[in-house]
Amino acid sequence: MRYFVILGSSIVTPPNPSSSSTPQHRHSIKPHKSSLPKLTPFPPSPSSPWHISCTPLSLNHCAHLASKLAQEFEIVLQGPLDSEVNVELLAKVVLLGIRGRDVRTAIDTLNKVQGLEISLSTHLDASAMNVIANECCRMVTCGHIEEAVELMEVLSRFQLSIRELVQPSDIIKRCVLSRNPDLAVRYASLLPHAHILFCNIISEFGKRRDLISALKAYDALKKHLDSPNMYIYRAIIDACGLCGDYMKSRYIYEDLLNHKITPNIYVFNSLMNVNAHDLSYTLNLYQNMQNLGLKPDMTSYNILLKACCVAGRVDLAQDMYKELKHLESVGRLKLDVFTYSTIIKVFADAKLWQMALKIKRDMLSAGVSLNTIAWSSLINACAHAGLVEQAIQLFEEMLLAGCEPNTQCFNIILHACVEACQYDRAFRFFYSWKGNKMLGSFGEGYNSNLEQGAMHNATTVPNGISNSHILSFTERFPFTPTTSTYNILLKACGTDYYHAKALIDEMKTVGLSPNQISWSILIDICAGSEKVEGAIEILKTMADAGIKPDVVAYTTAIKVCVESKNFMQALTLYEEMKSYEIHPNWVTYNTLLKARSKYGSVQEVQQCLAIYQDMRKAGYKPNDYYLEELIEEWCEGVIQDNRGNQGEFSSSNKSELERPHSLLLEKIAAHLLKRVADILAIDVQGLTKVEARLVILAVLRMIKENHGLGQSVNDDILIIIGATKADENPAKHILEVEEAIIKLLKNELGLDALPARARIAPSDTPKLQSPNLSNLNIESLPGENASTTTMNFQTRRPAVLQRLKVTKKSLYRWLQGKVSVK
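Only a predicted model underlies this, so the values are computations on that prediction, with no experimental measurement involved.

### Comments concerning the overall build of the chain
Here comes step 1: Broken down by element type, the chain carries 36 helices and five strands.
Here comes step 2: Out of the 822 residues belonging to the chain, those deemed buried represent 47%.
Here comes step 3: Summed over all atoms, the accessible surface of the chain reaches about 41,000 Å², with 51% contributed by carbon and sulfur.

Have a look at this one:
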């Protein structure tokens, strides 16, 4: 092989105190003439013989020197590799490259000898490792994570400990932010506590709501597992829960079972918790857990109670609570504060405040102190039941027990007062909790200000409950109002727009931003004071503040316009919200359809029918009965000489109009939304005589109103009543509808209505089944010559269309007012 020697004048070799005692680590070096130029030696440091100043000049100098050393080392490597490699030179090349921030040289040099069993641990002391650690930290801080991990991978192959080089959480955090799960797994697999870091990687991706990266990390790290790791299985299931993908957690569970891996109790608990919204699946998991011989712990029961709470199964939760009390009595388990809090919340959500108070007594008798969640649920239970005084008393007990209330507790009390119309009391609590000295005395001036506008209806506070503890606890517990707090107080302003606007300004002063709910409440307050301009201005303010008005805000503004009789502005807002792709809800449509109590022009009817059709297309069920009454009143207005002829045709016969979906309104909409010139036929097929009458009157009224605008009918109008078979008489209901229409047109309107039946294409009548067809014939319409045709094949018969024709001439006379009604 080829040997080399490093000239003493070229390189300064640091003293090696262990060289005499451990000669086995030194390899015999035969002379070899160096091709390196003579270099100035580095001055040694008292602390480290490898010390180099970190100035930019010395960094470049180190990089240059490392490059030269690497070239010389590469000359050595041109021959066959064996154990006769100068490890000290190798360590020097690596250290100089890292010190000069030429990490690539160090990595490439080490990769060239990675096939040899070489250890650098005895050639790089603590000072050298500090240099490597500092450079690794610098690369991580600068975002060069890939290069840092690659360096540590190479160093680990040469028996160097990389555990202390970089804080693992720093690299994992950077990998999570860059969504690089493979790199995170590569780094974690280098450390002895890799299984813990694997769980941290998955958890961090889950917290970032990046389930795809979490699953990639899970798939990558499974290759590094020699045996099932329940911690990792639990971490990925919890990540599915954080990301809201419960189905993926089920797939992971099924995959474990397919690989004959039995989850432990903690994996089952995580799986049940992620799927707690599905009570049946959670109970199924609980049963599977027992079938596998796993005993549920207290966490398992708490999750089951949570599932019952979400599903609203009070009965099941109550039975489970009785079972748990029995198990506690026999010493098999001990109920904790989470169990009691959950069962209290179950009863609180069901408004069973008495049962919730009973659990509280059980809790205290068992020596378990109530936590904030338990107190909050109890207060909420009484507040939802309208028991304001009981809720306030529980809040006072909470304070006396030394339990610090959260913002939700404060908001529950305020909301209870507002719902009970105790507006002044709500404001008194609020300003007392804030520690407002000006309102500390609650004098007459304050009360008089609160009672302006709608405040005069505030309920008087009973004297039975002392509020001394509530009004004086500010020094003991901090109170920080939230946006929800101010939203509750906005509702307490009633119709006092200026008081509500002052609260909005106060929110901004304390650093809170009004949300969509805040602005919607303010818009609703404008309705009480009939401030249409104010509601429109609020919508613009929301847009200027970067808050996109939602359907609630628009619906509230539309309500303000409707209550102020400004229907055109309401329609403008309706079209605006649709242009912004904000889908109206049922309240929006219903507010617009009920905006008018009477229709005046055909345009108003057309507008409402368009909204009606939009409502039907959106999947909402409109109030057909209310709309039918208004349209009927509008349609009947076309008859100027009302002589009480409506009689049997009046829609007071509700049975004919009550249908799941109003075919009448659909027919009217189909005709009224056309142009007058396009109306060549009025289709009343399938309608009753009352409905047919209204459709015809609606079309005639539209024709009459448009005639005044210069639009006229250019042809006769056909009224299609129904179809019958050619060889059969018209059905009874068709004759009734035809008779009613003729009476309407001739007797009430003075129009000419003539029969205009016509043959149409073969109908959908069944094919003839008898093989003997010699005696069958097709009858022609009356007035035509009937001919008998012998048929030797199977066929279908044509149908006759029952129609009436309203002549153009009689329409013109009617429109000119020259009709003589008989």
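### As for the side chain of Asn411
Here comes step 1: Inspection of the secondary structure assignment puts Asn411 in helix α20 (residues 407-419).
Here comes step 2: Contact partners of Asn411, with chain neighbours within four places excluded, come to Thr482, Ser484, Thr485 and Ile488.

### What about the nonpolar core?
Here comes step 1: Judged by nonpolar contacts, the single largest core of 189 residues is most densely connected at Leu120 and Leu165.
Here comes step 2: By size, the runner-up hydrophobic cluster in this structure holds 27 residues, among which are Ile682, Val695, Val699 and Val713.

### A short note on the environment of Ile236
Here comes step 1: Here Ile236 shows up in helix α10 (residues 230-242).
Here comes step 2: Judged by its relative accessible area of 0%, Ile236 falls in the buried class.
Here comes step 3: Along the backbone, Ile236 and Leu211 are 25 residues apart, and their C-alpha atoms lie at a distance of 8.9 Å.
Here comes step 4: Residue contacts for Ile236: discarding those within four places in its chain leaves Ile202, Ala214, Leu215, Tyr218 and Ile252.

### Quick notes on a nonpolar patch on the surface
Here comes step 1: A cluster of nonpolar side chains, contributed by Trp586, Val587 and Tyr620, occupies part of the molecular surface with about 270 Å² of accessible area.
Here comes step 2: Note on placement: Trp586 falls in helix α30 (residues 586-593).
Here comes step 3: On the basis of relative accessible area, Trp586 is assigned to the partly exposed category, the value being 40%.

### Structural notes on the side chain of Arg250
Here comes step 1: Of note, Arg250 is situated in helix α11 (residues 246-258).
Here comes step 2: Every residue in contact with Arg250, bar those within four places of it in the chain, is listed here: Leu271, Asn275, Asp278 and Tyr281.

### Section: the pattern of salt bridges
Here comes step 1: In the structure shown here, the tally under the stated rule is 24 salt bridges.
Here comes step 2: Put simply, Arg179 and Asp210 hold a salt bridge, and the shortest N to O gap is 3.5 Å. One end of the pair, Arg179, is in the loop between α6 (168-177) and α7 (181-188); the other, Asp210, is in the loop between α8 (194-207) and α9 (211-221), with 31 residues separating them in the sequence.
Here comes step 3: By relative accessible area, which is 7% here, Asp210 ends up buried.

### Section: the packing of helix α19 (residues 388-400) against α20
Here comes step 1: One way to put it is that α19 packs onto α20 with a least axis distance of 10 Å and a crossing angle of 155°. Considering their axes alone, α19 and α20 lie roughly antiparallel with respect to each other. Taken as a pair, α19 and α20 cross one another with a handedness that is left-handed. Where α19 approaches α20, its residues Val388, Ala391, Ile392, Phe395 and Met398 are matched on the opposing element by Cys409, Phe410, Ile413, Ala416 and Cys417.
Here comes step 2: Taken together, the residues that form the contact of α19 with α20 break down as ten nonpolar, no polar and no charged.

### Topic: the environment of Thr556
Here comes step 1: Within the secondary structure layout, Thr556 lies in helix α28 (residues 551-563).
Here comes step 2: Thr556 gets classed as buried once you look at its relative accessible area, which sits at 11%.
Here comes step 3: When the C-alpha atoms of Thr556 and Thr588 are compared, they prove to be 8.4 Å apart, with 32 residues separating the residues in sequence.
Here comes step 4: When near neighbours in sequence (up to four residues on either side) are disregarded, Thr556 contacts Ser520, Ile523 and Asp524.
Here comes step 5: Of note is the side chain of Thr556, whose polar atom sits 2.6 Å from the backbone oxygen of Val552.

### Re the packing of helix α16 (residues 337-349) against helix α18 (residues 372-384)
Here comes step 1: With their axes 9 Å apart at the nearest point, α16 and α18 run at an angle of 15° to one another. Between α16 and α18, the interaxial angle falls into the category roughly parallel. Note on packing geometry: the crossing formed by α16 with α18 is left-handed. Where α16 approaches α18, its residues Ser341, Ile344, Lys345 and Ala348 are matched on the opposing element by Ile373, Ala374, Ser377, Leu378 and Ala381.
Here comes step 2: Looking at the contact of α16 with α18 residue by residue, the class counts come to six nonpolar, two polar and one charged.

### Observations regarding helix α29 (residues 567-579)
Structurally, the α-helix is built with 3.6 residues per turn, so residues lying three or four positions apart point the same way.
Here comes step 1: Spanning 13 residues, α29 covers 18 Å between terminal C-alpha atoms, matching the ideal 18 Å at 1.5 Å per step.
Here comes step 2: The set of residues buried in α29 consists of Phe567, Ala570, Leu571, Leu573, Tyr574 and Met577. Down the axis, α29 shows its buried residues gathered within 160° of arc, on one side only.
Here comes step 3: After α29 finishes, the residue Glu581 shows a positive phi value of roughly 60°.

So, how was this worked out
Residues numbered from 1 in each chain as written. Predicted model: local features only at pLDDT ≥ 70, side-chain atom pairs only at ≥ 80, totals over all residues. Heavy atoms only, no water. Helix = DSSP H or I, 4+ residues; strand = E, 2+ residues; numbered from the N terminus. Buried < 20%, exposed > 50% of the residue type's maximum accessible area, 1.4 Å probe, protein only. Areas by Shrake-Rupley, 256 points an atom, 1.4 Å probe, with all protein chains shown as cover. Contact = heavy atoms within 4.5 Å. Core = buried A, V, L, I, M, F, W, Y, C linked by side-chain atoms within 4.5 Å. Patch = residues over 30% accessible without salt bridge, like charges linked within 9 Å, V, L, I, M, F, W, Y side chains within 5 Å. Salt bridge = Lys/Arg side-chain N within 4 Å of Asp/Glu carboxyl O. Axes fitted to C-alpha atoms, helices over the stretch in contact; angles between N-to-C directions. Parallel < 35°, antiparallel > 145°, perpendicular 65-115°, else oblique. Left-handed = near helix turned anticlockwise from the far one by under 90°. Nonpolar A, V, L, I, M, F, W, Y, C, P; charged D, E, K, R; others polar. Polar contact = N/O pair within 3.5 Å; in protein donor to acceptor, adjacent residues only side chain to side chain. Expected span 1.5 Å × (residues − 1). Arc of directions from axis to C-beta.

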